[in-house]
Amino acid sequence: MSKVIEEIHAAARQLLEDGKVDVVIGFEKGTLPLKATPCFIRSPQEVEKLIWDETCDNNLANYVRQIKGKKAIVAKGCDTRALVVLMQENQVAREDLYILGVSCNGVINRKKIEAETGEILSAELAEGKISVQGMNGSKEFAFADVKDDTCQSCRYPNPVLEDAHFGDKVETGNQEVPFADVVAMEEKSLLERRAYFQEEMAKCIRCYACRNACPMCYCNECFVDCNSPKWLTGGVDPAENMMFQVGRSLHLAGRCVDCGACVRACPQGVDIRALSRKVTKDCLTMYRHEAGVTLEDPPALNQFSTEDPQGFLVKE
Amino acid sequence: MGQNPYLPITMKVVKNQIETEDRNIKTLVLEFLNKQDEENFKYMPGQFAEISAFGHGEAPFGIATSPTEPGILKFSIAKVGCVSKALHLIEEGATVGVRGPMGNYYPIEQFKGKNVVIIGGGFAFTTLRSLATYMLDEKHRGDYGDITVIYGARNPGLLLYKEELAEWEKNPNINLVTTIDKPVDGWNGRVGFVPAVTEEVVKTSVDTYAVVCGPPAMIKFTLPVLEKLNFPPERIITSLEMRMKCGLGICGRCNIGPKYVCKDGPVFSMAELKELPPEY
Amino acid sequence: MKISKDKWGQVFDALASDYQMLAPKEDKGEVNFKRVNCFSEVKQGYLNTKLPAKALFFPQHETLFTYQKEGQGITVKNALKVEKTIAFGVRPCDARAFLLLDKVFNNDQYRDPYYCDRRDTTLVIGLACSQVAPTCFCSQMGLSPVSTAGTDLLFIDLGEAYAVEAVTEKGKEFVAKLQGLEELNAEDQVKLETLKNLQTSSSVDISALTEKLDSMFDHPYWDSLHEKCLGCNACTFSCPTCHCFDITEEFRKTEGNRVRSWDSCMAPLFTKHGSGHNPREDKKARWRQRMMHKFNYFVHNNGDIACVGCGRCLKACPVNMDLRQVIDAVNKAELVVK
């Protein structure tokens, strides 16, 4: 067992024994190869269940609103950003959280592996390599190749807010072009973009796994469920699906922390980030703001400065 | 409903009137457009229909008329959402869709030769009107023993079907007791909550059925009164509300345990409810 | 009897001019039932379709009827259109699910024509599995990777040919008219024997499940089960036996559609009354409903467990809720003696 995991166990055990928290929200081994699953540890005896590795792909910040009382949470960089936004939006109190921050090298996207090996029968994680036996054959992957796309362009691998730290700090390589994927999409013609999104939206089955996996989507009544006005009727054609995805991306403007939980949750492999990344880039460009990086910096759409672009308000 | 139980028949709105003083409940009177539709719509007290406000949606409502009142159907609608609001606003002469009759009905066969106590609260009186009207009809009255109706509302303005109530007051074939929660100027009737009035009025459960419909709080406090009088659970009948869509027991929405309220209900005896999980 | 894949391809292509042919087709790495025009479009060598075959008779979104406003009157028009169809390549798990759905859409009081008419005019040609995944558990659910239940005829892949087994009257009629059938030779027989012995190996045990659940409505197990569940629709939409749907309206000026679309009991607002009251207000109640409906209520109503062991739900779940684990936990749960 790695040193990091032992340290997490020790910290969790101490917190529960001291009564500092009622529950530790973390990951345990799942029932499928290369899949971790969220777990809620409430007694010191159970902390041994906790794991930490590249299979821990959910954003656990999603659970802090539903768990009352004091909780510890295992959080990667992106997860801590989500926690910051939730705090800024008064959805969770800082004093109720004990953040077990972990530096993260990225998580595996199982779909990338399954695209080549078929359903995964067994796998072994070793130094930067993953050996997989699948139903359609075996293959050895370099971790870098099957890292989730979010992690490929991650700029916050280290927690931005934490009460304890685990794991060696990760250096972010200098990205030549931040948001290169968005730039590439922007450079496509309108027709090309339309064709791309038509194709992606045709895949969506409106299971709302993306919305429910997102820590930022916590409305009591989501606009898709609203009856008056009835924004969406439940049809699954590309037009309605697009309305849902675009609507959600806009509702996340200035709030999305780009953790990729939505993409990994999607059973259909829809490219959801294509839209939210664009909105995130626009927020950075227009408002010089990135969600959840510092507690002191409120969400972009919650504050106003005279330097904000105002073409729509004031005749320039 | 024939071949396709999802297709509504169309009916004409002949009356759309305010039923309660707070304007929260309106009563729609619908007319069959042809004899065939009426013949296909044979119903019994306790059943409901799904009413379509075209352009808005469909919702289930208890049928307030009795089959002894031919040519029309009456529904009382509380304004709670999209469809009910549209029905509140609908003009006389307009068209609505109706699918039905659906659900089971009050066990009137079992009531034959027995006394029946009908206990209703507030808005829940719709299908109870149907039941009382049916039993009072000269063709049926002889089948039943004493008929007592205990009907309470928060204040006089919130009582439904005031015209019928006035008629029943004068009718020797039915013992009507209306009550309101707190004294109000101009009200000379009883004052008291329905459970308390039930205790005063109902003397025995021998050879008697109790039919209880009302808000959860009213039912919660009326049941112990009935149990004290030794009404067995088989002779306490109620009608449940549930969110419904298809009304056919197919879409899976309205179940309590293995029973679908739209198809196996909405009328249940307390004995049947005791077998079901407390999830309603 | 068997038919070579070449000959079957010819038959298939000829049938396509008379029937709507629905078969598994690959699109950007995902295999799903789609309309195909020739056998070459049909995917070979796959485990199962991503979305279940229930979509053949119960599409995710369909128009029930259309209506027109004319003055104060309204005319309603049935939108159901059925064409004679052949569904090829339905796996035994999905086919068995049809038999379960048949009981829902044609219940003791009502017949749903949208599902039933499609079902009646479709010939279901099942395709037995040649391999099973570790997430499959159909054998533990009372069927097998080669069972015929729910199909009209079953094809078993022998490599160069399909063994053909007629199951229903409809299937027998079809086989009687099938050109190119040959006898199985000794080698075929051996292959067939091996394939027919294919089973899923899983420790799922449903023998006492329904009865156990009879006493478990108030059990504390439900308190912890639901915690990590996201409450999305991924499991229900992937499930071959889930049948919940919503009915809504699409309306423009003077005309509109009444439509139905898949819904899920896992959705928070599924049972919310107009009054605001919600009998299943929390995730705990909804997960309990899911288990009770599939493994208890459905048994009491229809005599069968509403699960065919296809494993799609646990593969689709973003947080790895695993039905097999839940079944196991229910079996092991200690009943609280009152």
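Reference entry: report on the structure contained in this document. (Residues numbered from 1 in each chain as written. Chains lettered and ligands numbered in written order. Predicted model: local features only at pLDDT ≥ 70, side-chain atom pairs only at ≥ 80, totals over all residues.)

1. A word on the overall build of chain C
Next, step 1: Summing up its helical and strand segments, chain C has 11 helices and 12 strands in all.
Next, step 2: For a compact globule of 338 residues, the expected C-alpha radius of gyration is about 20 Å, and chain C comes in at 22 Å, within 12% of that figure.
Next, step 3: Projected onto its principal axes, the C-alpha positions of chain C cover 65 × 65 × 40 Å.
Next, step 4: Within chain C, counting contacts between residues at least 6 apart in sequence, those at least 24 apart form 69% of the total. (Helix = DSSP H or I, 4+ residues; strand = E, 2+ residues; numbered from the N terminus. Rg over C-alpha atoms; globule rule 2.2 N^0.38 Å. Contact = placed C-beta atoms within 7 Å.)

2. Topic: the packing of helix 7 (residues 190–203) of chain A against helix 9 (residues 238–251) of chain A
Residues and elements named next belong to chain A.
Next, step 1: Here helix 7 crosses helix 9 at 95 degrees, and the two axes come no closer than 8 Å. Considered as vectors, helix 7 and helix 9 are oriented roughly perpendicular to each other. Here helix 7 contributes Phe 197, Gln 198, Met 201 and Ala 202 to the contact with helix 9, which in turn contributes Pro 238, Asn 241, Met 242 and Gln 245.
Next, step 2: For the contact of helix 7 with helix 9, a count of residues per class yields 5 nonpolar, 3 polar and no charged. (Axes fitted to C-alpha atoms, helices over the stretch in contact; angles between N-to-C directions. Parallel < 35°, antiparallel > 145°, perpendicular 65-115°, else oblique. Nonpolar A, V, L, I, M, F, W, Y, C, P; charged D, E, K, R; others polar.)

3. Points about the sheet that holds strand 5 (residues 73–78) of chain C
For sheets, the rule is that strands pair by backbone hydrogen bonds, running either parallel or antiparallel.
Residues and elements named next belong to chain C.
Next, step 1: Pairing within the open sheet is antiparallel, and its 4 strands lie in the order 5-4-12-11. Because the sheet does not close on itself, it has two edges, and the strands there are strand 5 and strand 11 (245–252). If you compare each strand with its neighbour and ignore which way they point, the axes differ by 25 degrees on average.
Next, step 2: As paired elements, strand 4 (residues 61–70) and strand 5 share 6 bridges and run antiparallel to each other. By the bridge assignment for strand 5, Glu 70 is matched with Gly 73. (Pairing = 2+ DSSP bridges.)

4. Quick look at unusual backbone geometry
Residue and element names in this part refer to chain B.
Next, step 1: Here Gly 100 and Pro 101 are connected by a cis peptide whose omega angle stands at -5 degrees.
Next, step 2: Looking at the element boundaries, Pro 101 is found in strand 6 (residues 95–102).
Next, step 3: Residues Gly 265 and Pro 266 are joined by a peptide bond in cis, for which omega reads 10 degrees.
Next, step 4: Inspection of the secondary structure puts Pro 266 in the loop between strand 14 (259–260) and strand 15 (267–269).

5. A word on the pairing of strand 3 (residues 30–36) of chain C
Residue and element names in this part refer to chain C.
Next, step 1: In this structure, strand 2 (residues 20–27) lies alongside strand 3, joined through 7 bridges in antiparallel fashion. Bridge assignment links Met 21 to a residue of strand 3, and that residue is Val 36.
Next, step 2: Once strand 2 ends, the chain turns through 2 residues before running back antiparallel as strand 3, passing Lys 28 with a positive phi of about 50 degrees.

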